[in-house]
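A look at the structure
Spelled out from the first residue to the last, the chains are:
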2 protein chains.
Amino acid sequence: MSPTRNARHIFNEIPKAGLIEPGKHTVYDASQTIDLDNVPLNGGFLVKTLALSLDPYMRGRMRDPSVKSYSPAYPLGQPITGYGIGKIVRSEHDTFKTGDYIYGVGMPHEEYWVRADTTLLSVVKNELNLPWSTYLGVLGMPGMTAYVGWKEYSNAKPGETVFVTTAAGAVGSLVVQLAKLQGLKVIASSGSNDKVAFTRELGADVAFNYKTESTKEVLEREGPIDIYWDNVGGEVLDLALEYSNVHARFIECGMASAYNPSGEPYRLKNFTHFIAKRITLHGLLVIDFFATHKDAFYADFSKLVKEGTLKYKEDVTRGLETAPQALRSLSDGSNTGKRVVVLADD
Amino acid sequence: MSPTRNARHIFNEIPKAGLIEPGKHTVYDASQTIDLDNVPLNGGFLVKTLALSLDPYMRGRMRDPSVKSYSPAYPLGQPITGYGIGKIVRSEHDTFKTGDYIYGVGMPHEEYWVRADTTLLSVVKNELNLPWSTYLGVLGMPGMTAYVGWKEYSNAKPGETVFVTTAAGAVGSLVVQLAKLQGLKVIASSGSNDKVAFTRELGADVAFNYKTESTKEVLEREGPIDIYWDNVGGEVLDLALEYSNVHARFIECGMASAYNPSGEPYRLKNFTHFIAKRITLHGLLVIDFFATHKDAFYADFSKLVKEGTLKYKEDVTRGLETAPQALRSLSDGSNTGKRVVVLADD
C-alpha cells in the first residue's frame, strides 16, 4: 500500500508568558507518512486517531521541563499528547483487538501511532450509542472532574449557595447543573454575555459576566457562599475567601489565571480566613479517581446524558490542522464548549 | 460580711500593630469589691475563679469590633474572657450546685462573678485527681485542639513526615507526641534553643530554631512533608506548600504571624500547589468539636496524662495581677509552656 499521510501537532517552542500562538508554540506538520500495512508492531498495536481533546491543563505542560508540576512538561519537537479516542487498525497485543475503540490519556496528536504499552488506555464500549465526542467531554475527563469533585468534596446541602467560576466551560457547566439538581443556589461567573446566557439556561440563579460586572459586588450581594468551585485562582480566590460562609468547602479544580502570567504572579491575601471560617479545601485532579470512580461515573452520567438531563456544549472542529487554534482558544476566552478535534469518523 | 476585693483584668486599648503592652492594652484593676454573702444571684450562681487560661487566639479578639472574625472582638473597658476553672460559691440554679467545679469558655478575668446563663460552661469531674491546671492545658482547649485536629484531619500513616510549627507550644508539643506515637517522622520548628531541646525530648526527629536556621533549608533537606501542622501562617505556610508531598494534608490551627502585623500583611505565593499537589486543607477551631468529641478526648487524654505517656509544660503564675504579662508573653515568644494564671487553690 502506498504511504499514508501521518500529520502531527507538535510542541515547537516554550511560551515565555501570555497566550500561546498557533504556528509558533505549537505547529501542524503534515510532512510525515506511514505504511499502514507494513509498519512493524513489535507486539503492540496500530491506532487510528478518531478524536482528540483539547484541555486547559495542556497549557501548564508547555513549560520548561526544569519547572516541576503535577504533569511532566511536553518534550519539544514531539507531538502534544492528551485525552483521545482511537480505533485499533492492527494488533499483535492481547489487550486490544483489531476494531476495538480505545479511550485514554497520553494519546499523541498524530493521525496514526504504534504502541505496545497499554498504560492509561482502556477499551471503551459505547453501549448507549452516544457520539464519540461526548467521551472526551461530558463523559470524558471534564465530566468526570465535575462528577468526582462534586461527589467527594462538595458536601452539598439543599439551600446552600455555590459559586462556580468559568461556569460555561466543560467542567463548570456540569457543576452548575449538578448543584441545581441538588437544590442549591448557583452563582455562575463567565467571561462573555453568550456564556452568561448559557449558564442561565443551565439553571444558574445568578449569572454574570466578570468582565463587565464586579465579582466582589456580586458576592457581596448574593453571598456568603458555602461552596466555591475554583477554576481560576488568583484574585477571585481571594474574593471567595472574603465572601465565604463558616465551614465553606473550596474545590480547587483549576487556576487559569496562573497559567498566563503576564507579570508578577498573583499573591493571595485572605488566606487567614481558612482558619477564621474553618474552611475545607481540596486540590482536585481527576486522574487520582479514575480507577476507583470510572464505573460509577460512566453508569450515572451516560444515563443523564442519554435522557437529556445534562446539557453540554461542544466546539468540534475537523482535521488535525485545526488543533493549534483549538488549543489557543482555551486560554484566550474564545471557546464556548468542550474543545474536540475530530480526525475521522471511524 | 465585709466587702471582698474583686480584681479584674481589663481590655483597655486596641493595639494598633505589633505586640501588646501590659498596663496599656490590658490592665489589672483591683478597685472593685463584692459582697459574697449578699450579692443577688437572680436565679443564677456565684463563681470563684480558680484558674484562667491565656491563649494566643485572644490576641485576635483584641481588635476593632468592625473587623469580623471567628470570635467577637473584646469590648473595651470590660474584663477579658477566656477558658477557666471556677468553683460555685452559691447557687440558685438547677445545673450547678454549691461546691461544683466548672470548666468553660467565656469566663471573665475577674476574681468573682455572677451569671445565670450556663452556655459553654460544664461541670468537670476530676476523677483521676490531676492538677486543675491540666484542665486548661493538656486536658483543656490546647489538648483538645491537638487531639481533634490530629484525629480528624491528619490521616497519618506510619513512616510519613509531619512538619509542626511552634512545636514547643501547648498545642504543638502534643502534636509532636501524637505523631511519634503513630510512627511518623517529625520536623519540629520553634523559636529558641530551649524550645528546640524540649521538642527533641518529646521525640522530634528534626528539631530546629527557625531564628538561627533556615526553615527552607531544613524542609529541602528533610522533606517533602505529608502533613503540615500550621500554627504560624505567612511565609512558613508558603514554604510548606513548596516542600509538601502530593496528597499532603494541611491542618490550619493558627496563624500567629498574622496576629502582629508590623506592616503589610503577608501575601501567599505558592497557593497553586493546592492543585498541583492535590493538597487537602482544613481550618481548625476546637469549639466546633466540643460537643461531639469531649467525652472521647477526656477519656483518652486523661489516661495518657496520668500514666505519663504525654508530656506537657506549664507556665503557671499566681495572682490575677500576673495576667497582663502572661498574655503578652504569648506573642513575644517568651513563654515556654501552657500559660495559666492561678487565682486560688480552692
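- As annotated in an unreviewed UniProt entry, chain A carries the name Alcohol dehydrogenase and is attributed to Artomyces pyxidatus.

1. Remarks on the overall build of chain A
- Summing up its helical and strand segments, chain A has 10 helices and 17 strands in all.
- Against the globule reference of 20 Å for 346 residues, chain A gives a C-alpha radius of gyration of 21 Å, in line with a compact fold.
- Its C-alpha atoms put chain A at 65 × 45 × 35 Å along the principal axes.
- When the 346 residues of chain A are sorted by exposure, 57% land in the buried category.
- When the accessible surface of chain A is split by element, carbon and sulfur atoms take 51% of a total near 14200 Å².
- Put simply, chain A has 37 plus and 40 minus side-chain charges, and the middle of one group is 2 Å from the middle of the other.

2. Examining the interface of chain A and chain B
- Facing the 29 residues of chain A at the interface are 29 residues of chain B.
- Each partner contributes to the roughly 2600 Å² buried at the junction of chain A and chain B, and carbon and sulfur atoms together form 66% of this total.
- At the surface where chain A touches chain B, the tally comes to 2 salt bridges.
- The residue D288 of chain A makes a salt bridge to R278 of chain B at a minimum N-O spacing of 2.7 Å.
- Counting across the chain A and chain B interface gives 13 residue pairs in polar contact (both at pLDDT 80 or more).
- For the side of chain A that touches chain B, the secondary-structure elements that each account for two or more residues are helix 6 (234–242), strand 14 (244–252), helix 8 (273–276) and strand 15 (280–283) of chain A.

3. With respect to the packing of helix 2 (residues 141–153) of chain B against helix 9 (residues 290–306) of chain B
All names here are of chain B.
- Close contact between helix 2 and helix 9 brings their axes to 10 Å; oriented N to C, the two are set at 105°. Taken as axis vectors, helix 2 and helix 9 run roughly perpendicular relative to one another. Across the interface between the two elements, G143, M144, Y147, V148 and E152 from helix 2 touch F290, H293, K294, A296, F297, D300 and F301 from helix 9.
- For the contact of helix 2 with helix 9, the per-class residue count stands at 7 nonpolar, 2 polar and 3 charged.

4. With respect to the pattern of salt bridges
All names here are of chain B.
- If you walk through the whole model with that rule in mind, you get 36 salt bridges over all chains.
- The partner of D205 in a salt bridge is K180, with the nearest N and O atoms 2.8 Å apart. In this pair, D205 sits in the loop between helix 4 (193–201) and strand 12 (206–209) while K180 sits in helix 3 (residues 172–181), placing the two residues 25 residues apart along the sequence.
- For D205, a relative accessible area of 44% corresponds to the partly exposed category.
- With a relative accessible area of 27%, K180 lands in the partly exposed category.
- R339 serves as the salt-bridge partner of D315, at 3.9 Å between the closest nitrogen and oxygen. One end of the pair, D315, is in strand 16 (residues 314–318); the other, R339, is in strand 17 (residues 338–342), with 24 residues separating them in the sequence.

5. So, the nonpolar core
- In terms of nonpolar packing, the biggest core is built from 74 residues, with W150, W229 and F301 of chain A touching the most fellow members.
- Leaving out residues up to four positions away in the same chain, W150 of chain A has contacts with N155, A156, V162, V175, L178, A179, Q182, L184, I227 and W229 of chain A.
- The next biggest cluster of nonpolar side chains, apart from the first, holds 72 residues, and it includes L284, L304, V342 and A344 of chain B.

6. Comments concerning the pairing of strand 12 (residues 206–209) of chain A
- The alternating pattern of strand 12 of chain A places V206 and F208 of chain A and A207 and N209 of chain A on opposite faces, both of which are buried.
- Handedness of the strand 11 (residues 185–190) of chain A-helix 4 (residues 193–201) of chain A-strand 12 of chain A crossover: right-handed.

7. A short note on the sheet that holds strand 13 (residues 225–230) of chain B
- On the basis of which strands lie adjacent, the open sheet formed by 12 strands has the order 12(A)-11(A)-10(A)-13(A)-14(A)-15(A)-15(B)-14(B)-13(B)-10(B)-11(B)-12(B) and mixed pairing. The open sheet has two edge strands with one neighbour each: strand 12 of chain A together with strand 12 of chain B. Neighbouring strand axes in the sheet, compared pairwise and without regard to direction, differ in orientation by 15° on average.
- Note: strand 10 (residues 161–164) of chain A against strand 13 (residues 225–230) of chain A, 3 bridges, orientation parallel. Paired with V164 of chain A across the two strands is W229 of chain A, which belongs to strand 13 of chain A.
- Most of the contacts of helix 2 (residues 141–153) of chain A go to strand 13 of chain A, to which it runs at about 150°, and overall it touches strand 10, strand 13, strand 14 and strand 15 of chain A.
- Seen against the sheet, helix 3 (residues 172–181) of chain A touches strand 10, strand 11 and strand 13 of chain A and runs at an angle of roughly 170° to strand 11 of chain A.

Definitions and cut-offs
- Residues numbered from 1 in each chain as written.
- Chains lettered and ligands numbered in written order.
- Predicted model: local features only at pLDDT ≥ 70, side-chain atom pairs only at ≥ 80, totals over all residues.
- Heavy atoms only, no water.
- Helix = DSSP H or I, 4+ residues; strand = E, 2+ residues; numbered from the N terminus.
- Rg over C-alpha atoms; globule rule 2.2 N^0.38 Å.
- Buried < 20%, exposed > 50% of the residue type's maximum accessible area, 1.4 Å probe, protein only.
- Areas by Shrake-Rupley, 256 points an atom, 1.4 Å probe, with all protein chains shown as cover.
- Lys, Arg positive; Asp, Glu negative; His and termini not counted.
- Charge placed at Lys NZ, Arg CZ, Asp CG, Glu CD.
- Contact = heavy atoms within 4.5 Å.
- Buried area = accessible area lost by both parts, 1.4 Å probe.
- Salt bridge = Lys/Arg side-chain N within 4 Å of Asp/Glu carboxyl O.
- Polar contact = N/O pair within 3.5 Å; in protein donor to acceptor, adjacent residues only side chain to side chain.
- Axes fitted to C-alpha atoms, helices over the stretch in contact; angles between N-to-C directions.
- Parallel < 35°, antiparallel > 145°, perpendicular 65-115°, else oblique.
- Nonpolar A, V, L, I, M, F, W, Y, C, P; charged D, E, K, R; others polar.
- Core = buried A, V, L, I, M, F, W, Y, C linked by side-chain atoms within 4.5 Å.
- Right-handed = clockwise from strand over helix to strand, strands pointing away.
- Pairing = 2+ DSSP bridges.

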